[in-house]
Amino acid sequence: DGQRVLFYGDSITEQRYYPVAIETYVRTRFPNLKVKFVDSAVGGARVTGNWATSSEDESLQRDVFPFKPDVITIMLGMNDGAVRPFDESIFETYEKGYRYIIQQMQSHLPGVKIVLIEPSPWDDVTQTPSYPDNPDNKPGGYNQTLLHYCKFVRELAAEHHLMVVDFNTPMVKLMEEADKEDHALAQKIIPGRVHPSATGELAMAQVLLKAW
C-alpha cells in the first residue's frame, strides 16, 4: 500500500498494453490498495538513452528519479541489438550501459526494488527467420541475438540479487502453439515482428504478475 511502480523501457513498454493490464488487475482485484503506476518508457530507447534525451543520465533524471518509485521494471534490448546478427562490440555497449542504469537507480533511490525483464521476442516463428541488417548474409533470425541479451539480463539479475522475468520464452511458445492452430491469427500476436499486440502483451502481463 502506498508504493509507486514505474515501467522503464522502449516502445514495447511505451505502448502501455502490459503496464495497463497489470494496473487494471491490481485496481480491480485490490481496490483498497493505493498503488501509483507510471509508464516512463520512450520509443527507440536503448541503454544509452532515447530520442527525447541526449544521454542515459538525462533519461533517468527526467523519466525515473522525479517519480521516486519503490519498484522499477526495466525491459531494454530490442533496439540495443541493432537488428543484426550478434555483434560483440555492440553487446559490450549494452552490458556497460545496463550496469550503469542499475548503479544509478540504486544510488539515487535507496531501497528500490528493481525487476529486470528479458527482452520480448522478435517474431522468427510465424515469419521466416531474418535479420533486417545482415550485410554478411548470416543464417538465422534476430531473436537469436536477443537470446544473448536475455542470458546477460539473467546473469546480471543473479549478480545483483534482483528479480528477473522472462518475456521471450513464453511469448515464443505462445506463437508456436498458436501457429499450429491458425497461422494468420498467430501472426497477430506480434504484428510487424517487434511490437506485440494488446493480446500478446496481455500474456506478458500475466507472466509478470505471476512472477510478483
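Quick notes on the rules
Throughout, residues of each chain are indexed from 1 in the direction in which the sequence is written. Reporting in this predicted model follows two pLDDT cut-offs: at least 70 for local features of residues, and 80 or more for side-chain atom pairs to be given and counted; totals over whole chains, interfaces and linings ignore these cut-offs and use all residues. To get the side-chain values, take all heavy atoms of the structure and skip hydrogens and water. Here, a strand pair is defined by DSSP locating no fewer than two bridges between the strands. Where helices and strands are cited, they refer to DSSP runs of H or I of at least four residues and of E of at least two residues respectively, numbered from the N terminus. Every axis corresponds to a line fitted to the C-alpha atoms, with the helix fit spanning only the stretch in contact, and the corresponding angles, defined between N-to-C directions, vary from 0 to 180 degrees. The contact criterion used throughout is that any non-hydrogen atoms of two residues lie within 4.5 Å. Salt bridge, as used here: a side-chain nitrogen of Lys or Arg that lies within 4 Å of a carboxyl oxygen of Asp or Glu.

Before going further, it helps to examine the pairing of strand E5 (residues 163-166). In this structure, strand E4 (residues 113-118) lies alongside E5, joined through 4 bridges in parallel fashion. By the bridge assignment, Glu-118 is partnered in E5 with Asp-166.

On to the sheet that holds strand E2 (residues 36-39). By way of backbone hydrogen bonds, the strands of a sheet pair with one another, either parallel or antiparallel. The parallel open sheet is built from 5 strands, whose spatial order is E2-E1-E3-E4-E5. Both outer strands of the open sheet, E2 and E5, are each paired with one neighbouring strand and no more. Ignoring strand direction, the axes of neighbouring strands in this sheet form an average angle of 20°. Here 4 bridges tie strand E3 (residues 71-75) to E4, and the two strands are oriented parallel to one another. Bridged to Val-71 within E4 is Lys-113. Along the sheet, helix H4 (residues 88-108) contacts strand E1 (4-9), E3 and E4; its crossing angle with E4, the most-contacted strand, is approximately 160°.

On to the pattern of salt bridges, then. On inspection of all chains with the given rule, the structure shows 10 salt bridges. Here Arg-4 and Asp-70 are joined by a salt bridge, their closest N and O atoms 3.9 Å apart. Of this pair, Arg-4 sits in strand E1 while Asp-70 sits in the loop between helix H3 (56-63) and E3, and the two are 66 residues apart along the sequence. In this structure, Arg-84 engages Asp-133 in a salt bridge whose closest nitrogen and oxygen atoms are separated by 3.9 Å. Of this pair, Arg-84 sits in the loop between E3 and H4 while Asp-133 sits in the loop between E4 and helix H5 (142-160), and the two are 49 residues apart along the sequence.

Nothing here speaks to function; it is geometry throughout.
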